[in-house]
Amino acid sequence: MPNDPEEKKRVLARVRRIRGQCEALERALDSGAACGPVLQQIAAVRGAINGLMAEVLEAYIREEFPASGPGSGPDTGEGADTRQHELLGLVRSYLK
């Protein structure tokens, strides 16, 4: 979970929007809505969940694997920064 208060606020807002989407989906299913719009809502919920996953995972990578920090060695400095960006890019592309 993101520790930064602003990131945490954004993640919780995203969860609340997803909850609203799920409630709308439930109402559509309960009312017997047509299959096409229901499938479209399901796809929207799936996309929102993937976006949430990406945001939380990116925050985790940034917090747990800082690009550059105290100390010296092969995992600090420019090389570590590049690896972190590569990993974040890979995660983003995988979750889209």
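Use the structure listed above.
Residues numbered from 1 in each chain as written. Predicted model: local features only at pLDDT ≥ 70, side-chain atom pairs only at ≥ 80, totals over all residues. Heavy atoms only, no water.

> What's the story with the nonpolar core in this structure? I'm lost.
Inside soluble globular proteins, nonpolar side chains tend to come together where they are buried. Ranked by size, the top nonpolar core spans five residues in total: Ala-54, Ile-61, Leu-88, Val-91 and Leu-95. Broken down by secondary-structure element, the contributors of at least two residues to this core are α2 (35-64) and α3 (78-95). Ranked by residue count, the leading element in this core is α3, at three residues. (Core = buried A, V, L, I, M, F, W, Y, C linked by side-chain atoms within 4.5 Å. Buried < 20%, exposed > 50% of the residue type's maximum accessible area, 1.4 Å probe, protein only. Helix = DSSP H or I, 4+ residues; strand = E, 2+ residues; numbered from the N terminus.)

> Got a minute to help me understand the pattern of salt bridges in this structure?
On inspection of all chains with the given rule, the structure shows three salt bridges. A salt bridge links Glu-55 to Arg-14; the nearest nitrogen and oxygen atoms lie 2.9 Å apart. With Glu-55 in helix α2 and Arg-14 in helix α1 (residues 5-31), the pair connects residues that are 41 residues apart, well separated along the chain. You can call Glu-55 buried: its relative accessible area is 15%. When the shortest N-O distance is used, the salt bridge between Glu-58 and Arg-62 registers 3.4 Å. Taken as a pair, Glu-58 and Arg-62 lie in helix α2 at a separation of four residues, close to a single helical turn. (Salt bridge = Lys/Arg side-chain N within 4 Å of Asp/Glu carboxyl O.)

> Hey, could you run me through α1 in this one?
It helps to recall that an α-helix has 3.6 residues per turn; residues three or four apart then point in one direction. With 27 residues, α1 should cover 39 Å at 1.5 Å per step; its first-to-last C-alpha distance of 39 Å lies within 8% of that length. Among the residues making up α1, those that are buried are Glu-7, Val-11, Ile-18, Leu-25 and Ala-28. Each element contacted by the buried residues of α1 is listed here: α2. One or two residues past the end of α1 sits Gly-32, with phi positive at roughly 75°. (Expected span 1.5 Å × (residues − 1). Contact = heavy atoms within 4.5 Å.)

> Any chance you could explain the packing of α1 against α2 here in plain terms?
If you want to describe how two helices pack, look at the angle between their axes and the distance between the axes. Running from amino to carboxyl end, α1 crosses α2 at an angle of 165°, the nearest separation of the two axes being 10 Å. It follows from the interaxial angle that α1 and α2 lie roughly antiparallel. Of the two elements, α1 crosses α2, and the hand of that crossing is left-handed. Classifying every residue of the contact of α1 with α2 by side-chain character gives 17 nonpolar, three polar and six charged. (Axes fitted to C-alpha atoms, helices over the stretch in contact; angles between N-to-C directions. Parallel < 35°, antiparallel > 145°, perpendicular 65-115°, else oblique. Left-handed = near helix turned anticlockwise from the far one by under 90°. Nonpolar A, V, L, I, M, F, W, Y, C, P; charged D, E, K, R; others polar.)

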